[in-house]
Amino acid sequence: MNKLTRFAATAACIAALSACGTVMPTADSGYLSDSRALVPAADASGARRVAAQALDPARVTIAEVVWRSDARAELGDDERQALLAGLERELRQAVQALPPAPEGRPARIRAAITRVETVSPGLNTVGTLLLIGPLDRGGAAFEIEAVDAATGEQLAALRLGYFAPLGELKARFSRLAPAGIAAHEAALEFAALLRPAASPEEAPRR
C-alpha cells in the first residue's frame, strides 16, 4: 500500500468517524431563565427539563426566537434571519402536532440559536470526488424553554447541540441545510418535553 493509498484510507476513516455522530457538545449560554432543574444528557448533547404536566398546544405561543450565537459562523443578516424563521416554524409545527390537552397550562416559548456550524459545499465536493466522502459537517445548538404565560415560571426546557447525521448526504452540499436539520430535531425533542405522558407512538414524528 503506497503513501497516497494509506492517506486516502486514513482520511476516509476520520471522515466517517466524525460524521457518524450527531452529538454537538454545547455549553450553557445563560439564555434560559433557569438552568438549575435541567438534567444533563448522558451523551453530552445538552440537558433537558420535562414539564410536570402536559401543556395545551392550543394555548402555547411563540414569545421570541433570538440569535445568541458567536461570530464564528460568519453569517450574513439574511442567513441569520432565515435560520431564526426556520426555528420558529419548526417549533410551531411540532407544538401543533401534539394532541390536545385542555387541562394543560398556557405557556410561552422562548428560544435562542446559540451556535451554528456551516458546511463548505466546495470542500465536501472535493472530498467526494477524491472518493473520501464529505469532509465537512454542520449543525447547530439551541436553548429553548416554555414558561408559564402568567407567572413566567419555567415549565420545560431544552439545551441541545446537534450535527446533521451522515445519512443526510444532500445537506453536506448546502451551507445552512445542516443547521435546518438541527432545528427540526430540536423542535421535535422540545415538543416531546411538553407532553411527558405521551407514548413513543404519540410523539411528533419527522
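Parameters and conventions
- Residues numbered from 1 in each chain as written.
- Predicted model: local features only at pLDDT ≥ 70, side-chain atom pairs only at ≥ 80, totals over all residues.
- Heavy atoms only, no water.
- Helix = DSSP H or I, 4+ residues; strand = E, 2+ residues; numbered from the N terminus.
- Contact = heavy atoms within 4.5 Å.
- Areas by Shrake-Rupley, 256 points an atom, 1.4 Å probe, with all protein chains shown as cover.
- Pairing = 2+ DSSP bridges.
- Axes fitted to C-alpha atoms, helices over the stretch in contact; angles between N-to-C directions.

### Structural notes on the overall build of the chain
Summing up its helical and strand segments, the chain has four helices and six strands in all. In the chain, of all internal contacts separated by at least 6 residues, the share reaching a separation of at least 24 is 75%. As presented, the chain carries roughly 10,400 Å² of accessible surface, and 57% of it is formed by carbon and sulfur atoms.

### With respect to the sheet that holds strand β1 (residues 39–40)
With respect to topology, six strands assemble into an open sheet ordered β1-β2-β6-β5-β4-β3, the strand pairing being mixed. Both outer strands of the open sheet, β1 and β3 (55–67), are each paired with one neighbouring strand and no more. When strand β5 (residues 139–148) meets strand β6 (residues 154–163), the two strands line up antiparallel, connected through nine bridges. In the strand pairing of β6, Gly-139 is matched with Phe-163. Each of β3, β4 (105–117) and β5 is contacted by helix α2 (residues 77–96), which is oriented at about 170° to β3, the strand it contacts most. Contacting β2 (46–49), β4, β5 and β6, helix α4 (residues 177–193) runs over the sheet at an angle of about 150° to β6.

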